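# Architecture and fold: a report
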Amino acid sequence: MDPVGAQPLPPPAPFMLGCRECVRLLREVADTVAADTSCLAELHAVARHIVEDHPDQIPAAHTRDCDRCPAYAARNDGDPGQLWAEHRARDLFLPEAVARLL
Ligand SMILES: [Zn+2]
Ligand SMILES: [Zn+2]
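Below or above, wherever it landed, is the structure these notes cover. The model shown is predicted, which means the values in this text are computed figures rather than measured ones.

### Notes on the nonpolar core
Counting residues in each nonpolar core, the largest one holds 16 residues, and the members touching the most others are Leu-26, Val-29, Val-46, Ala-47, Ile-50 and Phe-93. The element contributing the most residues to this core is helix α3 (residues 40–53), with 5 residues. When residues no more than four places from it in sequence are discounted, the contact partners of Ile-50 are Gln-57, Ile-58, Ala-89 and Leu-92.

Here it is in structure tokens:
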């Protein structure tokens, strides 16, 4: 089952609406959700774009109700591949329950 599609996407963070690339990528997510196909690749593209172009907008680590952040924080090799940053970036455009699964 695709985790997205079961619930509507929240309004994205305001800075995203001011960025043409964010808007374009979010539209691709919406299109794939509307077509009822998996949007995981599109979600990844949005998170990657935020990490690369909006690093100052990435939320702080989750301090509760997240299994992933403590695991990432426990690593002693930092954030290779910036997967942790991508995980936190998903908070900006996904329902919380979905964002924390990815
Ligand atoms: Zn952007
Ligand atoms: Zn987290």
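### Concerning the environment of Asp-65
Summarising the element assignment, Asp-65 is placed in the loop between α3 and α4 (68–74). Residue Asp-65 is classed as exposed on the basis of its 9 C-beta neighbours within 10 Å.

### Section: the packing of helix α2 (residues 20–34) against α3
Axis separation between α2 and α3 bottoms out at 9 Å; the angle between their running directions is 165 degrees. Put simply, α2 runs roughly antiparallel to α3. Here α2 and α3 pass one another in a crossing that is left-handed. Note on element contacts: α3 touches α2 through Glu-42, Leu-43, Ala-45, Val-46, His-49 and Asp-53, opposite Glu-21, Cys-22, Leu-25, Leu-26, Glu-28, Val-29 and Thr-32. Looking at the contact of α2 with α3, its residues break down into 7 nonpolar, 2 polar and 4 charged.

Here is what the cut-offs are and how they apply
Residues numbered from 1 in each chain as written. Chains lettered and ligands numbered in written order. Predicted model: local features only at pLDDT ≥ 70, side-chain atom pairs only at ≥ 80, totals over all residues. Core = buried A, V, L, I, M, F, W, Y, C linked by C-beta atoms within 7 Å. Buried ≥ 20, exposed ≤ 12 C-beta atoms within 10 Å, placed from the backbone. Helix = DSSP H or I, 4+ residues; strand = E, 2+ residues; numbered from the N terminus. Contact = placed C-beta atoms within 7 Å. Axes fitted to C-alpha atoms, helices over the stretch in contact; angles between N-to-C directions. Parallel < 35°, antiparallel > 145°, perpendicular 65-115°, else oblique. Left-handed = near helix turned anticlockwise from the far one by under 90°. Nonpolar A, V, L, I, M, F, W, Y, C, P; charged D, E, K, R; others polar.

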